[in-house]
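A closer look at the structure
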Amino acid sequence: MLRAIELSINSVNTAGGPFGCVIVKEKKIIAEGSNKVTSLNDPTAHAEIVAIREACKKLNTFNLAGCDLYTSCEPCPMCLSAIYWSHIDNIFYANTRDDAKKINFDDSLIYSEIPKKNEDRKIPIKQMLRDQALKAFELWDKKIDKIEY
């Protein structure tokens, strides 16, 4: 955790947001990340996402089972989803989402939007061309050599 905190402090001093993350496997840091949203002009470049991408590349896998994630702040909804998709075993965090909100990193809108019906969300979500899109799902369902995740 101390390394994740150090990365968050270094990020502030090098034009990034105040967030850092490390991923550990077998008690060894295998990946690090700091917030690179503004330096990369990438709204998905949160510390956790950067670290997950690095860990997957290093281990040559999309499945990080057996790994633990240490982050300087409670993960936002996007990062939390990525952590679940990557099958990380444990999440450890330092600052809370309320601490982040106090310095204008407020995820409460996103958390409040998740349980809403599509038509009630701030950004409209409208379904279209479902019948055409189902073709890919049917092909996937019948595919014998697929790699499941």
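As the structure is a computational prediction, the values presented were derived from the model and not from experiment. (Residues numbered from 1 in each chain as written. Predicted model: local features only at pLDDT ≥ 70, side-chain atom pairs only at ≥ 80, totals over all residues. Heavy atoms only, no water.)

What follows deals with the packing of aromatic side chains. Inspection of every chain in the model, using the stated rule, returns 4 aromatic pairs. Taking 4.7 Å as the distance between ring centres and 15° as the angle between the ring planes, the aromatic pair formed by Tyr 70 and Phe 92 counts as stacked. One end of the pair, Tyr 70, is in strand β3 (residues 67-73); the other, Phe 92, is in strand β4 (residues 90-95), with 22 residues separating them in the sequence. The positively charged end of Arg 97 is found above the aromatic ring belonging to Tyr 111, 3.9 Å away from the centroid. (Phe/Tyr/Trp six-rings, centres within 6.5 Å; stacked < 30°, edge-to-face > 60°. Helix = DSSP H or I, 4+ residues; strand = E, 2+ residues; numbered from the N terminus. Lys NZ or Arg CZ within 6 Å of the ring centre and 35° of its normal.)

Turning next to the side chain of Asn 35. Within the secondary structure layout, Asn 35 lies in the loop between β2 (28-34) and α2 (37-40). On the basis of relative accessible area, Asn 35 is assigned to the buried category, the value being 8%. In contact with Asn 35, other than residues within four places in its own chain, are Ser 11, Gly 16, Gly 17, Phe 19, Ala 45, His 46 and Ala 47. (Buried < 20%, exposed > 50% of the residue type's maximum accessible area, 1.4 Å probe, protein only. Contact = heavy atoms within 4.5 Å.)

A regular strand places its side chains on the two faces of the sheet in alternate fashion. Summarising burial for β3: 6 of the 7 residues are buried, a large majority. Note that strand β1 (residues 20-25) and β3 share 5 bridges and pair antiparallel. Bridge assignment links Cys 21 to a residue of β3, and that residue is Thr 71. In this sheet, β4 lies alongside β3 in parallel orientation, the contact comprising 5 bridges. By the bridge assignment, Tyr 70 is partnered in β4 with Phe 92. Viewed along the sheet, the connection from β3 through helix α4 (residues 77-86) into β4 turns out right-handed. (Pairing = 2+ DSSP bridges. Right-handed = clockwise from strand over helix to strand, strands pointing away.)

As a further point, take unusual backbone geometry. Phi is positive for Lys 27, which is not a glycine, with a value near 65°. Assignment of secondary structure puts Lys 27 in the loop between β1 and β2. Of note in the backbone geometry, Asn 104 takes a positive phi value of approximately 75° without being a glycine. Owing to a relative accessible area of 72%, Asn 104 belongs among the exposed residues under this scheme.

Another aspect to go through is a nonpolar patch on the surface. Together, Phe 62, Trp 85, Trp 140, Ile 147 and Tyr 149 give the surface a local cluster of nonpolar side chains, amounting to about 650 Å² of exposed area. With respect to the secondary-structure elements, Ile 147 resides in the segment after α7 (130-142). Overall, the relative accessible area of 59% leaves Ile 147 in the exposed class. (Patch = residues over 30% accessible without salt bridge, like charges linked within 9 Å, V, L, I, M, F, W, Y side chains within 5 Å. Areas by Shrake-Rupley, 256 points an atom, 1.4 Å probe, with all protein chains shown as cover. Salt bridge = Lys/Arg side-chain N within 4 Å of Asp/Glu carboxyl O.)

With that out of the way, let us pick up α7. Relative to the 18 Å expected for 13 residues at 1.5 Å per residue, α7 spans 18 Å between its end C-alpha atoms, a close match to the ideal helical length. Among the 13 residues in α7, 0 count as buried, and that is only a small part of the element. (Expected span 1.5 Å × (residues − 1).)

What follows covers the layout of surface pockets. Roughly 280 Å³ of internal volume is contained in the largest pocket. Surrounding the largest pocket, 16 residues form its lining, Phe 19, Asn 35, His 46, Phe 105 and Asp 107 being those nearest its centre. Tallied by class, residues from the lining of the largest pocket come to 8 nonpolar, 4 polar and 4 charged. Within this model, the second largest pocket holds a volume of roughly 170 Å³. (1 Å grid on protein atoms, 1.4 Å probe; cavity = no way out; pocket = protein on both sides within 12 Å on 5 of 7 lines; lining within 4 Å. Points joined across faces, edges and corners; volume = space filled by probe spheres on them. Nonpolar A, V, L, I, M, F, W, Y, C, P; charged D, E, K, R; others polar.)

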